[in-house]
Structure formats: structure tokens, C-alpha cells
Amino acid sequence: IVRSTVNDPYTTTVAGDQFSTVARYDAAGAAGDGQVNLDGPPIDHLAFSKRWLEQNGISAGDSVLINVHGDSMKPGLHDGDLVMLDRRKTRLRSGKIFVFREGDALRIKRLEVIPGAAIILRSDNPDQETYPPEHRTGPAMNTISQNIVGEVVWSCHKWS
């Protein structure tokens, strides 16, 4: 592995193709309840095709990998799945899945923005009784928007 630039910290060439690595942290975003931590050094790195990253507008140096904890985002994201967050993508856009800090927890939710009125945290799990939409209004909207870690831009499902 050869050190490159700040935004693309590790690159290597395998069989003529370039790969960049994305840091994986021993952290989990709560898709439900839970307390997690993204602080500290990465536990390892996973390699992705540099071409694929560029085609998708993803910078390896600005992205991180964490695990999903909980089942509120099923069927798309399952407990134990790996997700890549693009830390540059912090501007809220309705319908996108974001990881954000709320208190001591990292949470993963699909966010719906009603400008000037509310941010609605939605779970993809169809069990609305267990995972009802959560509304944030007034100052609580700022708490969400100012604590976005990044947008989920890739996921990997763990088959057991």
C-alpha cells in the first residue's frame, strides 16, 4: 500500500487496477436504540476499486465504514451490516439515509425535511408500532442538522 494524498490516504495497484482503502471503525450506528462511539483509531481498512469510488463521487479519505446495530432499518439495512458514510455529505436531503449523533449515540435513519417546520426520522422497518416516525421541531431540528456524521452511500449485507 502506497501513501497518496490527504483525501485518498492509501492506494495500491493489483493486477493493473488501482484500489483505495476506506477506514473501518469499531463503531455501530443504532438502527433502533443503542449507544455507540465513532471516536478512536480505525480497526482496519477495506479496499474498494478507485474507479468505482470515483464513478460514485466517493472519496476514500472522506468516508468511513461502521456496522449497523438493530433492525429498525430493515429490510434495507440489517443488524450487523456494514455501511459506508460519506462524511462530506452533511447537507440534509429528504429521503436519504444519514448517520447522526444524538446524545451519546450514533443513529441511522432516513430523514425527511420539512423546511422551517420539522425533521422526521423514519425507520424503513414496516413495523410502525415498534418504530414510529420521530418528529424533531424547533431547536431539536438544529441538534440533528448540526450533528450529521455523513450520508450512507454504500452497504454490505452479512449473510448468516
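Residues numbered from 1 in each chain as written. Predicted model: local features only at pLDDT ≥ 70, side-chain atom pairs only at ≥ 80, totals over all residues. Heavy atoms only, no water.

Student: Which parts of the structure should I look at to understand the overall build of the protein?
Tutor: In terms of helices and strands, the protein carries two helices and eleven strands. The N-to-C order of helical and strand elements in the protein reads β-β-β-β-α-β-β-β-β-β-β-α-β. In summary, the protein has a C-alpha radius of gyration of 16 Å against a globular reference of 15 Å for 160 residues, a match within 12%. Principal-axis analysis of the C-alpha atoms places the extent of the protein at approximately 50 × 35 × 30 Å. Residues classed as buried in the protein amount to 39% of the 160 residues present. The contacts of the protein with a sequence gap of at least 6 include a subset with a gap of at least 24, amounting to 59%. (Helix = DSSP H or I, 4+ residues; strand = E, 2+ residues; numbered from the N terminus. Rg over C-alpha atoms; globule rule 2.2 N^0.38 Å. Buried < 20%, exposed > 50% of the residue type's maximum accessible area, 1.4 Å probe, protein only. Contact = heavy atoms within 4.5 Å.)

Student: Whenever I open this one, the environment of Asn142 confuses me. Can you help?
Tutor: Positionally, Asn142 belongs in helix 2 (residues 139-145). We classify Asn142 as partly exposed; its relative accessible area is 42%. Here the alpha-carbon distance between Asn142 and Met73, two residues 69 residues apart in the chain, equals 23 Å.

Student: Looking at this structure, I do not really get the pattern of salt bridges. What am I missing?
Tutor: Where side chains of opposite charge bring their charged atoms close, a pairing between them can arise. With the rule as written, the count across this model stands at eleven salt bridges. Arg24 is paired through a salt bridge with Asp44; the nearest N and O atoms lie 2.9 Å apart. Separated by 20 residues along the polypeptide, Arg24 in strand 3 (residues 17-30) and Asp44 in strand 4 (residues 44-49) bring together distant segments of the chain. Residue Asp86 pairs with Arg88 through a salt bridge whose shortest N-O separation is 2.9 Å. Via salt bridges that share partners, Glu102, Arg107, Glu134 and Arg136 belong to a single interconnected network. (Salt bridge = Lys/Arg side-chain N within 4 Å of Asp/Glu carboxyl O.)

Student: Would you mind going over unusual backbone geometry with me for this structure?
Tutor: Across residues other than glycine, the phi torsion is negative in most instances, and most of the peptide bonds are trans. Between Lys74 and the following residue, Pro75, the backbone shows a cis peptide bond with an omega angle of 15°. In this fold, Pro75 is placed in the loop between strand 5 (63-69) and strand 6 (82-86). With a phi close to 50°, Ala15 is a non-glycine residue in the positive phi region. Inspection of the secondary structure puts Ala15 in the loop between strand 2 (8-14) and strand 3. Residue Ala15 is classed as exposed on the basis of its relative accessible area, which comes to 79%.

Student: Explain the packing of aromatic side chains here, please?
Tutor: The description of two aromatic rings rests on the distance between their centres and on the angle between their planes. Going through the model one piece at a time under the given rule, you end up with two aromatic pairs. Plain terms: the ring middles of Phe48 and Trp52 are 6.0 Å apart, the flat faces sit at 25° to each other, and that makes the pair stacked. Exposure remark for Trp52: the relative accessible area of 28% places this residue in the partly exposed category. Ring geometry for Phe48 against Trp154: centres 5.0 Å apart, planes inclined by 90°, an arrangement best described as edge-to-face. Here Trp154 lies in strand 11 (residues 148-156) and Phe48 lies in strand 4, a separation of 106 residues in the sequence. Given a relative accessible area of 9%, Phe48 falls into the buried group. Put simply, the rings of Phe48, Trp52 and Trp154 pair up and form one aromatic cluster. (Phe/Tyr/Trp six-rings, centres within 6.5 Å; stacked < 30°, edge-to-face > 60°.)

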